[in-house]
Amino acid sequence: MADTLTDMEEDEDIFDLGIADSLLFQKNDAPAKKRKKIIGLDDLLNDLKEEQKSKQNKSKGAKARKHYKDNDDDETEISLSKAVDQFQEEIKKIDGQNDNYNGDDSGNDISAWGLQVFGPQRNPSPVAYSDLGCSKLVQTFMNHKLNSLVDLSMERGESFLRGLLLNGWLSNLVLKCGHLEESIAIWTFNQFLYSSEESTMKFSCEFWCSILLYNEVDATPIKIDWLPCYSLLKEALESFGFLLHSHGNVASSKESSGSSACHGPPSNIRSWIKFIGACCQVRSRHHIFSISETEELIEVIICLFIDQQLQGLSSILHESLLSAMNFFTDEEWKNSCQRVAKSLPGRVPKDLNCLRMVECIPSVDTRGKQLKKAVALEILKLCFHEKIGDAQDALRLLISSNLKDRNCDFFHTYLYLVLINNWFTFGTPSNDQAVDQMWGTFLQKCSSQISNNDFRPYAQEVRNRASYLLKAASRVGSF
């Protein structure tokens, strides 16, 4: 009984008043805190008003600072603008815009190479020929039993031959017969020079090249009733709008660019170039060009390299130029090389086009190197107004020049540097140590007397090219 009462007393400890009072006190504290927060709303409202006033004061200060900053930016911009203007004025003085670097007779701006070699096209004048229907080839087919299937007539002779041409059968038939008739020869010649159809132009040129270059062993030579002459090819080139046939003012090619007339080159120029190369390769079998005419063709081909519109034809231009240079015998070439070299410089102005003219000459064989050297020397003579006899005389004048002079003409110095380098590189090996020493002195002068912060036109080009050549010559022990 006593144990039972003791257990009940322990169980009733959970109803102890102290614990209950603490719970009651916790419940009673919450409303007291809420009342305290309600009472503090006035204080919160005052704090909010003070924060708004503080933000307004800060925004006013920021606007004031931005205004001061804008004024500072304006002043900085003005000062920078003045500095840029002053810098530009200094650059103009350094550049010598009053034609100080152009030379007193050139009048040309320094620019990239390229001339408009072709101007307005003229109406073509194809060579007259007899009726193709009367040709033996067409007549033979008309009398053949196969004509019963085709029903070919004389009026359809040209369309019949055109089909043979485009399918490659015309050259096979001519080669098998061993005879190229005059009417067919003239008709195909007109097609590759004056036809506006790409396929007809292409296959007619290939037809002529295959006939001219046919050289089978033990084969019967092909009889050709008609061969074109130089005057016909020159006339065709002039109808294309070629402008550099005569020496003189090349500026006419630039002035004509503003005309509304149709300017060349036409797509036929590709066939013209390929045909010239083929004709130069068959001198032993067919006499088409004379020595003087071939010399002029070399000049024309080199001039075509100067037209940037023809850069895509560089490959066939090189092939044709090599064929023209190999047209001559060794004895003939000695004189022809000098005549071409003397004639070429007068066709272009004394600017970067001169260098382009020298660079485009292939140096894969002895004749190309000889022509390259000769043309470079003749351009040098023209630049120095014929006051020099060779590159050695030019070096003497250049060594005596003052590269530190404010009015130094670095553009022409660059031209002289490249031209003399071609004269040295592609000429016969020199055993004259004095000339080699002069060349080394000039290169040393160009690389050392021009500072790397000299921004006058072509000053850095002269310095860099001279430094490169000097290092290259030092490696091979030239100096």
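Rules and cut-offs
Residues numbered from 1 in each chain as written. Predicted model: local features only at pLDDT ≥ 70, side-chain atom pairs only at ≥ 80, totals over all residues. Heavy atoms only, no water. Helix = DSSP H or I, 4+ residues; strand = E, 2+ residues; numbered from the N terminus. Axes fitted to C-alpha atoms, helices over the stretch in contact; angles between N-to-C directions. Left-handed = near helix turned anticlockwise from the far one by under 90°. Contact = heavy atoms within 4.5 Å. Nonpolar A, V, L, I, M, F, W, Y, C, P; charged D, E, K, R; others polar. pLDDT = per-residue confidence, 0-100. Buried < 20%, exposed > 50% of the residue type's maximum accessible area, 1.4 Å probe, protein only. Arc of directions from axis to C-beta. Expected span 1.5 Å × (residues − 1). Polar contact = N/O pair within 3.5 Å; in protein donor to acceptor, adjacent residues only side chain to side chain. Phe/Tyr/Trp six-rings, centres within 6.5 Å; stacked < 30°, edge-to-face > 60°. Lys NZ or Arg CZ within 6 Å of the ring centre and 35° of its normal. Salt bridge = Lys/Arg side-chain N within 4 Å of Asp/Glu carboxyl O.

Details of the environment of Asp 365
No. 1: In this structure, Asp 365 sits in the loop between helix H16 (352-359) and helix H17 (366-383).
No. 2: Asp 365 sits 43 residues away from Leu 322 along the chain, and the two C-alpha atoms are 9.1 Å apart.

Looking at the packing of helix H19 (residues 410-425) against helix H20 (residues 433-448)
No. 1: One can describe the packing of H19 onto H20 by two numbers: an axis separation of 12 Å at closest approach and a directional angle of 150 degrees. Here H19 runs over H20; the crossing is left-handed. Taking contact as the criterion, the partners of Thr 413, Leu 417, Ile 420, Asn 421, Trp 423 and Phe 424 in H19 are, on H20, Val 435, Asp 436, Trp 439, Phe 442 and Leu 443.
No. 2: Here the residues of the contact of H19 with H20 sort into eight nonpolar, two polar and one charged.

Comments concerning the confidence of the model for the chain
No. 1: Averaged over all residues, the pLDDT of the chain equals 79, while 72% of them reach at least 70.
No. 2: Confidence scores differ between elements of the chain, with helix H11 (residues 251-255) showing the lowest mean pLDDT of 43 and helix H12 (residues 268-280) the highest of 97.
No. 3: The low-confidence segment residues 1-39, where pLDDT is below 50, has one contact with residues more than four positions distant or belonging to other chains.
No. 4: Between residues 247-260, whose pLDDT stays under 50, and residues either more than four places distant or in other chains, the model counts 20 contacts.

Describing helix H18 (residues 391-399)
No. 1: Buried within H18 are the following residues: Ala 391, Gln 392, Ala 394, Leu 395 and Leu 398. For H18, the angular spread of the buried residues around the axis is 155 degrees, confining them to a single face.
No. 2: On the buried face of H18, the contacting elements are H17, H19 and H20.

Let's talk about H19
No. 1: With 16 residues, H19 should reach 22 Å at 1.5 Å per residue; the first-to-last C-alpha distance of 22 Å fits that figure.
No. 2: Counting buried residues in H19 gives 14 out of 16 residues, a clear majority hidden from the surface.
No. 3: Measuring from the side-chain oxygen of the N-cap residue of H19 to the backbone nitrogen of Phe 411 gives 3.4 Å; that N-cap residue is Asp 409.

So, the packing of aromatic side chains
No. 1: For the structure on display, the rule yields 16 aromatic pairs.
No. 2: Relative to Trp 439, the ring of Phe 424 has its centre 5.1 Å away and its plane inclined at 20 degrees; by these criteria the two rings are stacked. Note that Phe 424 is positioned in helix H19 and Trp 439 in helix H20, a separation of 15 residues in sequence.
No. 3: Ring-pair connections join several aromatic residues into one group, and the members of that group are Phe 189, Phe 192, Trp 208, Trp 226 and Phe 275.
No. 4: The ring of Phe 203 carries the charged tip of Lys 202 above its face, separated from the ring centre by 5.7 Å.
No. 5: Above the ring of Phe 327, the side-chain terminus of Arg 283 is found at 4.4 Å from the ring centroid.

Brief notes about the pattern of salt bridges
No. 1: All chains considered together, the criterion is met by twelve salt bridges.
No. 2: The salt bridge partner of Lys 234 is Glu 296, with a shortest N-O separation of 3.8 Å. Of the two residues, Lys 234 is situated in helix H10 (residues 230-239) and Glu 296 in helix H13 (residues 291-304); the sequence distance between them amounts to 62 residues.
No. 3: Here Glu 299 ties to Arg 347 by a salt bridge, and the two come within 2.9 Å at their closest N and O atoms. Here the residue Glu 299 occupies a position in helix H13, and Arg 347 occupies one in the loop between helix H15 (330-343) and H16, the gap between them amounting to 48 residues.
No. 4: Judged by relative accessible area, Arg 347 falls into the buried class, the value being 3%.

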